[in-house]
Structure formats: structure tokens, C-alpha cells
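Here is what each chain is made of, one letter per residue.
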Amino acid sequence: MSDTQTQIENRPPSVAHLLLERVAATPDIEAFRYPVPAASGQGPDDWKSLSWAQSAERIFRIAAGLVDLGVQPEERVALGSATRLDWVLADFGILCAGAATTTLYPQTNADEAAYILSDSGSRVLIAEDAEQLAKARERRAELPALAHVVVIDPEGVSAEPGDPEGWVLSLADLEARGTALLEKEPELIKERVSAITSDQLATLIYTSGTTGRPKGVRLPQDCWSYMAKAIAATGLVGQEDVQYLWLPLAHVFGKALLSGQIEVGHVTAVDGRVDKIIENLPVVQPTYMCSVPRIFEKVYNGVAAKARAGGDTKYKIFLWSADVAREWAKVTQDNFRRTGKASAPLGLRLKYKVADALVFKKLRAAFGGRLRACVSGGAALAPEIGYFFAGAGVQILEGYGLTETSGPAFLNPGEALRTGTVGKPLAGVEVRIADDGEILLRGPNNMQGYHGLQEKTAEVLESDGWFHTGDIGELSADGYLRITDRKKDLIKTSGGKYVAPAEVEGQFKAVCPYVSNILVHGADRNYCTALIALEEPAILEWAAENGLGGKSYAEVVAAPATVEMIEGYVKELNEGLQRWQTIKKFKLLPRDLDVEHGELTPSLKLKRPVVERAYKGLIDEMYAGAREA
């Protein structure tokens, strides 16, 4: 047994135990950075810091405050907020009280929020602001277990007629109650933490299902303790690192990263405002960052569009440099695989030096200048985009996991990364490929089951611990996993051919700099079609240069010139596909797909059935008059 395996097996019962160890070991080291808007409301944010000891003071006050409200071990406390420092501290406070966190996305509507609060039996809701409070208040009659709502930003919040006494309080009020209780019982938190067992429920995360109600995934304390040790064991992150965390913390990926931070002890800069990412990167200067592929696609498309706007010469330089980046990444990765050295021939090194000076240095500067690597997860990253960033000096380490596996179960190993794969399993994770190609996983990161849904649990979790992921994949001889598609998303045409839509969609994103979202359709049809949504800023910029200036997005995508331009990219895509994979027809959507219309999950995954239902008319048009086999 390796040292890594031993380390992971000798883990404490909970992340709360690890937190106490971290605070004792490095009390004065910086733990978190967070933005404070300028007092005038104008100008850049002022970034503040908390040490581990300062963070612990607030975490323990929150934990004691929850105990004072009567919260018992394993009872659920829901968190409905955007990613921010208070979310992190509240989550750790819940864990230190021995309770369990139920996560709610701030975009969740009142109906689904009420279902999650009710199904989880949450006793307390920690809500970000008046808007999140209103969702619970609207459905209070359906939530008899909800005893209190704690509001992080209390501006505009007040008790209303009909509110039970003390039903609404601010986070500051909760911390004040905790302070008073800790003065009476100074050992309270240590006692609560020492009583936590590894099989206790720690987190209830509801999967954003494409159909029906979401399922609550039960993740015990041991999952996060394991994840903390497994992330540290990768060796990819050290105490000197600075992480920029903007991912939604209601998602399992963000939760896993926080566990890893406690074990490693590095700094995390927390700001969930997606519109601030580009502005924050040069300020935070992270050494690593985790993201979903959509952000890398946006950056790539933005760089390409900016180069195009600079005229033919600049655009040709960009395209040439992008080709050099991809060639560099492919050659160096292949050589590293064969020889252990990421070498490249002289001619390529000379081309790279020019491309680096013209394009790549500027790209790295936009990421803050210190970024060693990014981890991408949550959905497939188009390999050509991955190769571009890797060649430009921003290594994107794709990983793979699910809510049911506490987040990452696979990760590319740093310098030995292989773009187009999701890397190797984390220490302690077993993998096998079923006869039909489905990926099965077993390890201490697997869920206990779906909350209150024994039959649904039995469908995916075998008695001997193997979890059926629903994803199709291939394992290389040396353990690298490549995801080919979701089992349920594979298209079988009426001609009997199988098509992996995600693979075709990813290739189109690498070809077309204007695409935002694409859905390939073709199940039981005799050819494939696509619904395509374009990136609004990029396509409006193109429109202004091509006689369509001043028109709305909907008018631009309806214009024959736009359709003709996109058709050129579809033809380019088809040249690299098998005949049965090719896109015979496409339609441009009148608006982009989004979370608000339920077409994307909060982690920006495509909800295929929702989109196909919403645009059934357009899909039917593409098959009108076609002879179906």
C-alpha cells in the first residue's frame, strides 16, 4: 500500500476535525480574501483578508448560534446564497455544530426552494437577502419544520404580521447569540466536533434534474474528510497557492475545493460575481482556479472576436498562434507520455517564441500572470480549446465526478496531463467499465444514497458499493479515462448509428468563435440537426462590421448573412465528422439559452429535454418533408 493510500485511510471523522487542526497549526496565516465595494459605489473593490484564527472566530460563533437555536446533530440547515465569504463561514459553522448543510442555488424559484426545504426537513435557512427570504416566506405554510430564517444581508428585511416570534434574524444576531453561549460554554465547539462520527450526514445536495423533482444526495462527513486528503495527495496544490473561487458553492465542485483548502492551508479569494471574473483576475493574481468549461469557451471566443475586430492581419496572427498553441500542446504532451520530457523540435520552438510574444503573454496576463493551472469540471471541455490554452501556457486539467461522488473522482496529473481525457482516479477510487461502456465507481467518496428514495438509490448504487454513473467512457492501459457521452444522451439514428452529441457539440465550439450553446438532435431520425445560440457581444460586433449595425440580437440571428456565415462553420465541422454524425440542417435561436428559462443548470450544463421541448417547432421544421427511415 502506498503512503498516499495510507494517508487517505487514516483520515479523521470530519472536515470539522481538520478545521480545528488547521486553526491550531497556522492561526495567523491568511485563509480568505474577499471584496468590499468602494464606499462611494464607484471604483474598484477593496480586498480584505481573514487569517485562519479570525475565520474560526466567526465560524465558531455561527456554530454556537445554531446550537442556541436548538439545532441538533445531523439536522439540516439550508444555505441559499450566492458564493461569498459568509457562505463559506456559515457552511463550516453548520459542520462544526454537527449539523448538515442543505444547499440552495440563489436562482432556485420559490416552488423548487420550498420542495427542497420541505424534503430535507431543514430546521433553519440561512438566506442571503430579502429576495431569498421572500421565497421561504411565500411558502411558509408548507414548511412546518422551518423554525428560523437567518439573513446575511438584512437590508430591507423586517418581521411581517404572521411571522412567528424570532422567525427572522440577521446573521449578526445569530453570531451575537453564539458569542453569549460560548462565554457560558467555552468548550462547546470542541465537544460538538469531537462527537461527530464519519457516517453522520454532512451535506444534502439536490441534483438539478432535467425532468421531475431534484433528488437529495446524502453525503456523510467521511466524504469530505476523504476529499480533503485526496485533493492534498494529488500534490497539485501547496500552502503557498492562491485559489480564486467563484464557482457556485451550492454545487458539489465548490464544496470539494473548500475541503481541500482546509487540509492544504492555502489562501482562497472568494467572489461569486461571474461578471467580475475578468476584473478580479489581475487583482487576485491566482496561482490556480477551478471552472466549468463555459468560462474557458467564453474567454476563447472573446479573444478570437477581439482579434477579428482588430482587422484581417490581427485575426490571421491569432489563428496562426492558435494553431501553434495546439501543435505545441499535442507534441509536448505526446513526448512527455513517451519520454517523460515535454520537449518540442527546434522549428516548433521558434514558432512558439513568436506566438508567445504576440498572443500568449497577453492571455496569461489577463489571467493575472501567475496562473499555473486551471481545473475544469462539470461538463466536457472541447479538446481543441483545451489544447489552445495548454499551448498558451494556461494548463487546463480536466477532471470528472458527480454530486454522487462528492465531486472530483478523476483529475489530470499536472505536467502529465492528457488533453481530451479526465485524467486518473484520485487515490482510493476504483473504476471499471461495464459491458455497455458505462463507468462504474467505488470509493469512500460515494454517497450514502438519495434522501428518502430507496428505490432510486438501488437503481444506481449496488450493494457492494459500485456506483453507476450513467456516463460512457474508455480507460487507457495506464489508467486515463476519456468520457464519450452520457449514457442517456447517446443518439441512435433511425439508421441504427450511434452519435455522441456532446462530442459533436464540443468540436463545433472549437471551430466557431461565435457559438454560445449548441444542441445536436437526431434520436430516431435519419440525420442529425442542431439548435445553435450565439454569443451576443461577439455576434453584435460582427454584425456592426457586416452591414447589420444597430439591429437587435434576434434580428441579427434571423438575417440571411448571419445564417450563411454560421453555415460556413457547420460545413467546416462536418468535414471532420463521420457521415452519420454530420449536421444536415441547423437553426439559430432567437436568444441564448440560460438558467432563468430552465434550459441550463446553475452549473451551466445543457438540459436537453427542456431545450428540445421549448424549440420543438424549430426541430420539426428541420425534418419537415424528410423521409424518415
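If you're wondering where the values come from, they're calculated on a predicted model, not measured in any experiment.

Caption draft 1: The overall build of the protein, seen in detail. For the protein, the helix and strand inventory stands at 22 helices and 26 strands. For the protein, the C-alpha radius of gyration of 25 Å lies close to 25 Å, the compact-globule estimate for 629 residues. Residues counted as buried form 55% of the 629 residues belonging to the protein. Considering only contacts in the protein between residues 6 or more positions apart, those separated by 24 or more positions represent 67%. Total accessible area computed for the protein in this model is approximately 26200 Å², and 51% of it derives from carbon and sulfur atoms. Of the side-chain charges in the protein, 69 are positive and 83 negative, and the distance between the mean point of each set is 6 Å.

Caption draft 2: Fine view of the pairing of strand S12 (residues 288-291). A two-sided burial pattern is seen for S12, the buried positions comprising Tyr288 and Cys290 on one face and Met289 and Ser291 on the other. Bridge count for strand S10 (residues 242-245) against S12 is two bridges, and the pairing is parallel. Its bridge partner lying in S12, Gln243 is registered against Tyr288.

Caption draft 3: Inspection of the pairing of strand S9 (residues 216-220) at higher detail. Along S9, four of the five residues are buried, which leaves the element largely enclosed by surrounding structure. With five bridges connecting them, strand S8 (residues 201-206) and S9 associate as antiparallel partners. By the bridge assignment for S9, Ile205 is matched with Val217. In the sheet, S9 pairs with strand S19 (residues 449-450) via two bridges, with the strands oriented antiparallel. Residue pairing across strands places Val217 opposite Tyr450, the latter belonging to S19.

Caption draft 4: Up close: the sheet that holds strand S15 (residues 407-411). Pairing is mixed across the open sheet formed by nine strands, whose spatial order is S2-S1-S11-S10-S12-S13-S14-S15-S16. Edge positions in the open sheet fall to strand S2 (46-51) and strand S16 (424-425), since each of these has one partner strand only. The sheet contact formed by S15 and S16 spans two bridges and is antiparallel. If you follow Leu411 over to S16, its bridge partner there is Lys424.

About the cut-offs
- Residues numbered from 1 in each chain as written.
- Predicted model: local features only at pLDDT ≥ 70, side-chain atom pairs only at ≥ 80, totals over all residues.
- Heavy atoms only, no water.
- Helix = DSSP H or I, 4+ residues; strand = E, 2+ residues; numbered from the N terminus.
- Rg over C-alpha atoms; globule rule 2.2 N^0.38 Å.
- Buried < 20%, exposed > 50% of the residue type's maximum accessible area, 1.4 Å probe, protein only.
- Contact = heavy atoms within 4.5 Å.
- Areas by Shrake-Rupley, 256 points an atom, 1.4 Å probe, with all protein chains shown as cover.
- Lys, Arg positive; Asp, Glu negative; His and termini not counted.
- Charge placed at Lys NZ, Arg CZ, Asp CG, Glu CD.
- Pairing = 2+ DSSP bridges.

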